[in-house]
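# Architecture at a glance
The chain contents come next:
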Amino acid sequence: MSTTEQSSPASHPAKPAMNGAQGRMLWRSFLDLLPAMLAPFFGIAAALGIIFGILAWQGADPQIAWDYLYQGTLADAAKRADLVAYWMPLAITSFGLVLTYTAGLWNIGVEGQIVMGAIGATWGVRLFAEGEPLLGLNLGHTGILFMCFVLAAASGALWAALVGFLKTRGGVNEIFGGVALNFIAQTFNMYLVSNGGPWQPAGSRATETARFPEIARLDAFAEYRRLSPATIYITVGAMVLVFLIMYVSRWGLQLRAMGKNQRSAFLLGVRTERNIVLSLAICGALAGIGGAYRVMTPDVSKLTATPSGGVGFLAILVVLLASMSAVLVPFVSFVFAMLSKGGQRIESGFQWDHDLLLDRSLVRVLQSTIVLMVVLAFGVRNRFFPPHRAQPDTDEDEVART
Amino acid sequence: MFRKLAVGLILIAIVAGGLSTVTPQVAAQDDEFIFGVVLVGPRDDHGWSEAHYNAGLYVQDNLPGARMIELESLNSADRPETTLDQVVQDMVDQGAELILTTSADFEVDTTVVAEQYPDVTFVNVSGDDALWGIAPENLGNFMGQMEYGKMIAGCAAALKTQTGQIGYIGPLIDPETVRLTNSVYLGARHCYEEYRGLNPDDLQFGVTWIGFWFNIPGVTLDPTEVANNYLDSGVDVLISGIDTTEAIVVAGQRAAEGAPVWAIPYDFEGACSEAPDICLGVPYFNWGPKYLETVQAVQDGTWEAEWDWMAPDWSDINNHDTSAVGFNYGDALTEEERAMLDEFIAALAAGAQGEEGGLNLWTGPLNFQDGSVFLEEGEVATEKQIWFQASNADEAASPEEVTPQQLLEGVEGTSS
């Protein structure tokens, strides 16, 4: 768990003894650490408690709801495969966001970066797998898929770098730049696939491109036709990359320094402008690959009207809840993916088996409540279990108080 | 210290409570026939999706043992976590033997999924794969002949408008929506001339496409804004072509402020209730009878893939047990206007049934926006020509060969 401690400023372990007995220090440091690790889980549990309370008030038995949540996510292998397929774009995007948030950048534009990635991947299909391939290149199955992912990453990176340049050169706050670029990306996507747009097949009635040709479709597992192993490998690769950056490289330290105080970092010789653009671009590339998953996942295999559908915004919540810790991101994003898919099963389960109509916004309410409760849990933690020695110079006061 | 322990214990108790396990349940009954209905929008949208949801309820009421399982709002913006493929699997696991996918947006996916589940019957409402013979054998299509409802809507608008400007809020551009927009226009022109004695060329009729079947914030145009813009520009009758009720809601708000404006919603029988005083009526789908027929056919094993374009019951277009499309008059119509509409509907009925002196508005000369000829002088459109809004629809061997649909000459708005 040492990595967790590093990443979350609120959960620094106690430093080696400065005064008092060694044993007491260990006990103290354990007390410090425990609530920090448990806070998110308390938050999630409290949120589930609230949601099940609402369900009970709506006439839905919370026990049955809990059971549906399990049925819709983990109960059988096919459900687990669907869950993993939905989880991966969320996870890889969240990994990217760890970098930008560590550097103190609010990359709200990540939603648009996912959309651009989706467009990039589709562009790859169109260039190399439909009609006459570009430059007459016959790349074959693997080559085409590789190019799709490269174009997706490049599109996402470019879109994110634009946010960075707007910030460093144009003085546009990354939040505003990101919001604007989100809108442009989504509108561009709609232009491509709706109202007889250039990528919508002639005479089509659905707001999407044609299904990708066989040669440009990701291979799925034999037993699970909606889950592709390639996406798992890439996601694990992205995880390793972000771990290396965050916990091994000097560049990761620079990002942390920027996150603490950008001006100080700059004065100490960190090339902050370059790092802003670079961290955004890497985040954008990962988000772009997430966008590629969204359109290339075997049961989609086409560019849809809203390829992201809010996965980017969800990833922002994930990273905030994980306190920007790359170690916690996979778990928190997995919980969120479970809630999305399980929430839908709760809704359909009650309607199909019990004739009980629940509101479809249940899932969103659930996710928002969890964010709220986790933040509240951190608040409770800070109130009752204040982290010791977060600032070394307050050490004396802390001791005096206890 | 004690306080810390207490708080810690309380928190642990909460987690433990949340983790306690439960016993599985769910019992399936043998004498049931389960059919699935997949909706693109909310089941209570007072429009397209609610009309389908009500059709499922109609089946449940009229066929003992039939049970609907339904999923609303399946689209990539509202449910990014799932796909039609996954929803269909859930429904099949639940025991569904028939699944109706009720949007053009599901057309391609339904074809793919139908191949995955050859033992389950699929119907894509409003699609036309079965017409071309490119659909799997377990996939059929049906749609109501809403052209007539839309002509009546156009007629009502033309009877009422004071400014001579009618605004149509369209969803997205495809053969169906262009067909329905053109139908409104033909009905409006006819009645503007026939009953009001005005020059139909003076009638201004515009369409604005929002980009999808309903509002998706940040993705489509906002229909509320489109409606307001129309009313600001002198339009006094709004006609909705989208799944939801923004047109009549906005018109109702303006009317409450004293503006002389009216609206005609779409799809759902009860849609006038949003603002009854300014509602000229609503052309609606009555899917119930066709749903019932389909469920019974699948149950009996007599179902066969077909493409069915269901006509209204001309003896009474508002008969809930026989007519696929209807038109409810709104409170804002005067007695005189109702009489004219009655006459118009009777003429359409006569035309549709091939009677002498009947009215068929799909009669040439009709040109498209780019000036190309849709129907020559005196030429009457065939079913396929109307469906695709293309003059070469009968000669085409596949959907790709059909000329892209176009709005009629005189309609303001884009065809593509």
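Residues numbered from 1 in each chain as written. Chains lettered and ligands numbered in written order. Predicted model: local features only at pLDDT ≥ 70, side-chain atom pairs only at ≥ 80, totals over all residues.

### Things to note about the overall build of chain A
Formally: Going along the chain from the N terminus, every DSSP run of H or I of four or more residues is numbered as a helix, and every run of E of two or more is numbered as a strand. Partly exposed residues are those falling between the two cut-offs: more than 12 but fewer than 20 other C-beta atoms within 10 Å of their own, whereas 20 or more means buried and 12 or fewer means exposed, with C-beta atoms placed from the backbone.
In terms of regular secondary structure, chain A is built from 15 helices and zero strands. The buried share among the 402 residues of chain A stands at 52%.

### Details of the sheet that holds strand E11 (residues 307–310) of chain B
Residue and element names in this part refer to chain B. In plain terms, the rule: Here, any two strands with at least 2 DSSP bridges between them count as paired. Here, axes are lines fitted to C-alpha atoms. For helices the fit covers the stretch in contact, and angles between N-to-C directions go from 0 to 180 degrees. Contact criterion: two residues are in contact if their C-beta atoms, reconstructed from the backbone, are within 7 Å.
Taken together, six strands build an open sheet; the order of strands is E2-E1-E3-E4-E5-E11 and the sheet is parallel. Pairing within the sheet leaves two strands with one partner each, and these edge strands are strand E2 (66–71) and E11. Strand-to-strand twist across the sheet, computed as the mean angle between neighbouring axes with direction ignored, equals 20°. Taken together, the five bridges between strand E1 (residues 33–38) and strand E3 (residues 96–101) define a ladder with parallel strand orientation. What sits directly across from Gly36, in E3, is Ile99. Against the sheet, helix H3 (residues 84–93) contacts E1, E2 and E3, and its axis sits at roughly 150° relative to E3. Against the sheet, helix H10 (residues 288–300) contacts E1, E2, E3, strand E4 (121–125), strand E5 (139–144) and E11, and its axis sits at roughly 150° relative to E3.

### Focus on the domain arrangement of chain B
Residues and elements named next belong to chain B. To be explicit about the condition: Residue ranges assigned to the domains are those given by an automatic or database domain assignment. In the scheme used here, Gly and all other residues not listed as nonpolar or charged are polar, with Ala, Val, Leu, Ile, Met, Phe, Trp, Tyr, Cys and Pro taken as nonpolar and Asp, Glu, Lys and Arg as charged.
Domain annotation for chain B reports domain 1 (33–145 + 288–310) and domain 2 (147–282 + 326–412). For domain 1 and domain 2, the distance between their C-alpha centres works out to 27 Å. Counting residues at the interface gives 17 residues for domain 1 and 21 residues for domain 2. For the side of domain 1 that touches domain 2, a count of residues per class yields seven nonpolar, seven polar and three charged.

### Considerations on helix H9 (residues 250–260) of chain A
Where H9(A) is concerned, the buried positions are A:Gly252, A:Gln254, A:Leu255, A:Ala257 and A:Met258. Among the structural elements, helix H4 (77–102), helix H8 (229–247), helix H10 (262–267) and helix H11 (272–296) of chain A are those in contact with the buried residues of H9(A).

### Points about the interface of chain B and chain A
Of the residues lining the interface, 49 residues belong to chain B; the matching set on chain A comes to 44 residues. No other element matches the eight residues that helix H1 (residues 2–19) of chain B contributes to the side of chain B that touches chain A. When the residues that make up the side of chain B that touches chain A are grouped by side-chain class, the tally is 23 nonpolar, 13 polar and 13 charged.

### A closer look at the sheet that holds strand E6 (residues 165–170) of chain B
All names here are of chain B. As summarised here, the arrangement of the five strands in space is E9-E8-E6-E7-E15, forming an open sheet in which the pairing is parallel. Each having just a single partner strand, strand E9 (262–264) and strand E15 (411–412) make up the two edges of the open sheet. Across four bridges, the pairing between E6 and strand E8 (residues 237–240) is parallel. Residue pairing in the sheet places Tyr168 in a bridge with Ile239 of E8. Lying on the sheet, helix H9 (residues 246–256) is in contact with E6, E8 and E9; it crosses E8 at an angle near 160°.

### Some points on unusual backbone geometry
Along the chain, B:Gly364 connects to B:Pro365 via a cis peptide bond; the corresponding omega equals 5°. Turning to its location among the elements, B:Pro365 is positioned in the loop between helix H11 (335–352) and strand E13 (366–367). Unusually for a residue other than glycine, A:Ser323 sits at a positive phi of about 50°. Tracing the sequence through the fold places A:Ser323 in the loop between helix H12 (311–321) and helix H13 (329–354). On the basis of neighbour count, A:Ser323 is assigned to the buried category, with 22 C-beta atoms found within 10 Å. You will see that A:Asp355, though not glycine, has its phi angle at about 55°, which is positive.

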